[in-house]
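Each chain is listed here by its residues.
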Amino acid sequence: MRAEDGVGVVTESRRGSAVGGVRAVAHPNIALVKYWGKRDEGLVLPRVDSLSLTLDIFPTTTSVCVVPGAVGDVVRLNGVPASGEVLGRVCGFVDLVRGLAGSSERVVVDSVNTVPTGAGLASSASGFAALALAAVGAFGLEVDARGLSRLARRGSGSASRSVFGGFVVWHAGSGSLVEADLGSFAEPVVAAEMDPALVVAVVDGGPKAVSSRVAMRRTVATSPLYGPWAASSAVDLVEMRAALVAGDLEVVGEIAERNALGMHATMLAARPGVRYMSPASLTVLDCVGQLRRDGVLAYATMDAGPNVKVLCRQVDAEQVAKSVREVVGDGAVHIARPGRGAYLLPEDDR
Ligand code: PMV
């Protein structure tokens with residue numbers, strides 16, 4: 001990323017080296033047309049365009065504080081010092097921002113995440129969107145929304161979409177790697193007034209057995225279904241955008257469900273297969289089918305985990321949540337509405 005790509009340096013006085021640093025908040029997003037498969041792992045360039053809805057629940061709040069003279073970065077997640085792969089991933093991302101700022105100063109990152117981490121509920125999306133916004137502030141970089149989305153993408157692909165609120169499209173980018181890097185950003189999509197809600201059924205809040213990174217790589221390399229799904233996903237995206245413009249939530253739901261089930265089919269057909277769906281997930285899918293037969297607009301989507309998100313109208317959300325609650329036993333059910341994009345907390349709150 002270069003200055004002409006929407007990145008500049010602001011004055012020293014606006015940097016986050018004071019106690020408390022710079023704090024940012026971001027929310028998870030749930031893809032209705034999925035991102036699955038990378039074209040380039042280093043640059044986190046996806047093979048397909050995707051489209052999501054940013055939620056108003058499970059925010060991540062992250063502060064980044066530059067500590068002049070410190071010898072290493074400190075990363076705390078929910079108050080606990082991070083280590084191993086997580087620490088490496090966060091520090092690698094901070095290195096990227098440091099490089100853009102021409103700085104070698106170390107930081108303290110404090111991230112408080114309210115979403116069950118690693119459960120296919122896009123904790124990395126809110127996490128890296130908040131980190132990107134806080135880190136550019138702490139290092140005194142001035143980045144426009146597109147630049148921020150491209151930067152967040154490097155932490156976790158889906159984080160590029162959490163920079164924005166509501167319905168968001170993430171362009172895969174095309175051409176050479178340099179061109180694709182410039183063209184791979186998210187932006188809000190035009191949508192008519194609708195009253196969407198997502199009922200989130202957490203059937204298992206524990207970490208997933210196979211990371212989305214590994215599962216994507218295996219799917220692209222070995223699944224005979226990947227190519228056909230990617231081709232049909234491009235059609236899904238065009239049709240989904242038209243349905244959003246028309247304000248037709250039923251069609252949005254139909255497309256979301258077929259796209260997600262197709263994505264899971266590609267993984268099931270990988271060698272060896274990756275299965276995120278559990279018996280509890282299938283029970284929720286059955287419940288969603290029954291709701292539809294009962295005349296309620298309800299469509300399911302699932303990510304890299306066993307949890308199920310049900311797209312419905314806000315007026316039906318309580319009823320959908322009640323039906324889902326009856327079948328998930330010990331699982332938790334949350335109602336989400338469209339949420340806002342990533343934002344900085346005012347200095348008074350820091
Ligand atoms: O951003 P990642 O690497 O965690 O990938 C997330 C991929 C899915 O959640 C399964 C789909 C999507 O588009 O968010």
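Residues numbered from 1 in each chain as written. Predicted model: local features only at pLDDT ≥ 70, side-chain atom pairs only at ≥ 80, totals over all residues. Heavy atoms only, no water.

**A closer look at the overall build of the chain**
Tallying secondary structure elements over the chain gives 10 helices and 18 strands in all. Compactness check: the chain gives a C-alpha radius of gyration of 20 Å against a globular reference of 20 Å for 350 residues, within 12% of the reference. C-alpha atoms of the chain, sized along the principal axes, occupy 65 × 40 × 40 Å. Going through the 350 residues of the chain one by one, you find that 54% of them count as buried. Of the contacts made within the chain by residues no fewer than 6 positions apart, 77% connect residues no fewer than 24 positions apart. Separation between the mean location of the 34 positive side-chain charges and that of the 36 negative ones in the chain comes to 5 Å. (Helix = DSSP H or I, 4+ residues; strand = E, 2+ residues; numbered from the N terminus. Rg over C-alpha atoms; globule rule 2.2 N^0.38 Å. Buried < 20%, exposed > 50% of the residue type's maximum accessible area, 1.4 Å probe, protein only. Contact = heavy atoms within 4.5 Å. Lys, Arg positive; Asp, Glu negative; His and termini not counted. Charge placed at Lys NZ, Arg CZ, Asp CG, Glu CD.)

**So, the sheet that holds strand E17 (residues 332-336)**
Spatial strand order, E15-E16-E14-E17: 4 strands in an open sheet with antiparallel pairing. Strands at the two margins of the open sheet, each flanked by one partner only, are strand E15 (298-302) and E17. The mean inter-strand angle of the sheet, taken between neighbouring strand axes irrespective of direction, is 25°. As paired elements, E15 and strand E16 (residues 308-313) share 5 bridges and run antiparallel to each other. Bridge assignment links Thr 301 to a residue of E16, and that residue is Lys 309. Strands in contact with helix H8 (residues 249-268) are strand E14 (196-202), E15 and E16; relative to E15, the strand with the most contacts, it is inclined by about 30°. (Pairing = 2+ DSSP bridges. Axes fitted to C-alpha atoms, helices over the stretch in contact; angles between N-to-C directions.)

**Points about the side chain of Lys 34**
Position of Lys 34 relative to the elements: it lies in the loop between strand E3 (29-33) and strand E4 (38-40). Within the structure, Lys 34 has its side chain in polar contact with the side chain of Thr 301 (distance 2.8 Å). Excluding its chain neighbours within four sequence positions, the residues that come into contact with Lys 34 are Val 48, Asp 49, Ser 50, Trp 229, Ser 233, Asn 259, Ala 260, Met 263, Thr 301, Met 302 and Asp 303. (Polar contact = N/O pair within 3.5 Å; in protein donor to acceptor, adjacent residues only side chain to side chain.)

**Some details on the nonpolar core**
Ranked by size, the top nonpolar core spans 50 residues in total, and within it Trp 36, Val 64, Val 97 and Val 109 carry the most contacts. For this core, the domains that each give at least three residues are domain 1 (2-192) and domain 2 (196-336). Those residues within four positions of Trp 36 in sequence are excluded, and the remaining contacts are Val 48, Ser 212, Ala 215, Met 216, Thr 219, Tyr 226, Trp 229, Met 263, Thr 266, Met 267, Tyr 276 and Ala 304. (Core = buried A, V, L, I, M, F, W, Y, C linked by side-chain atoms within 4.5 Å. Domains from an automatic or database assignment.)

**Describing the site of the ligand**
Surveying the vicinity of the ligand reveals 13 residues, the closest of which are Ala 31, Tyr 35, Ser 156, Ser 158 and Arg 161. Take Ser 212: an N or O atom from its side chain is 3.3 Å from an oxygen atom of the ligand. Calculation on the ligand without its partners gives an accessible area of 380 Å², and the protein chains cover 92% of this total. Lining the shell around the ligand are residues from two domains, each supplying at least three of them: domain 1 (2-192) and domain 2 (196-336). (Near = heavy atom within 4 Å. Areas by Shrake-Rupley, 256 points an atom, 1.4 Å probe, with all protein chains shown as cover.)

**Some remarks on the domain arrangement of the chain**
Split into domains, the chain comes out as domain 1 (2-192) and domain 2 (196-336). With centres defined by C-alpha atoms, the gap from domain 1 to domain 2 works out at 25 Å. Facing the 35 residues of domain 1 at the interface are 48 residues of domain 2. In total, domain 1 and domain 2 occlude about 3200 Å² of area from one another, counting both sides; carbon and sulfur atoms represent 71% of this. (Buried area = accessible area lost by both parts, 1.4 Å probe.)

**Notes on the state of the cysteines**
Counted by the stated rule, this structure contains 0 disulfides. With no disulfide partner, Cys 91 has as its closest neighbouring cysteine sulfur the one in Cys 65, 15 Å distant. As a non-bridged cysteine, Cys 312 has Cys 287 as the owner of its nearest cysteine sulfur, 11 Å distant. On the basis of relative accessible area, Cys 312 is assigned to the buried category, the value being 0%. (Disulfide = S-S within 2.5 Å.)

**Quick word on the packing of helix H1 (residues 84-101) against helix H2 (residues 123-138)**
Closest axis-to-axis distance for the H1/H2 pair is 10 Å, and the angle between their directions is 35°. As H1 runs across H2, the sense of the crossing is right-handed. Touching Arg 89, Val 90, Phe 93 and Val 97 of H1 are Ser 124, Phe 128, Leu 131, Ala 132, Ala 135 and Val 136, all from H2. Considered class by class, the residues forming the contact of H1 with H2 number 8 nonpolar, 1 polar and 1 charged. (Left-handed = near helix turned anticlockwise from the far one by under 90°. Nonpolar A, V, L, I, M, F, W, Y, C, P; charged D, E, K, R; others polar.)

**What about the packing of aromatic side chains?**
In the structure shown here, the tally under the stated rule is 3 aromatic pairs. Judged by centre distance (4.7 Å) and plane angle (70°), the rings of Tyr 35 and Trp 170 are edge-to-face. Placement of the pair is Tyr 35 in the loop between E3 and E4 and Trp 170 in strand E12 (residues 167-170), with a sequence separation of 135 residues. The pair formed by Tyr 35 and Trp 170 is uniform in burial state, with each residue classed as buried. Relative to Phe 128, the ring of Phe 93 has its centre 5.6 Å away and its plane inclined at 65°; by these criteria the two rings are edge-to-face. Pair noted here: Phe 93 is in helix H1 and Phe 128 is in helix H2, with a separation of 35 residues, a long-range link. (Phe/Tyr/Trp six-rings, centres within 6.5 Å; stacked < 30°, edge-to-face > 60°.)

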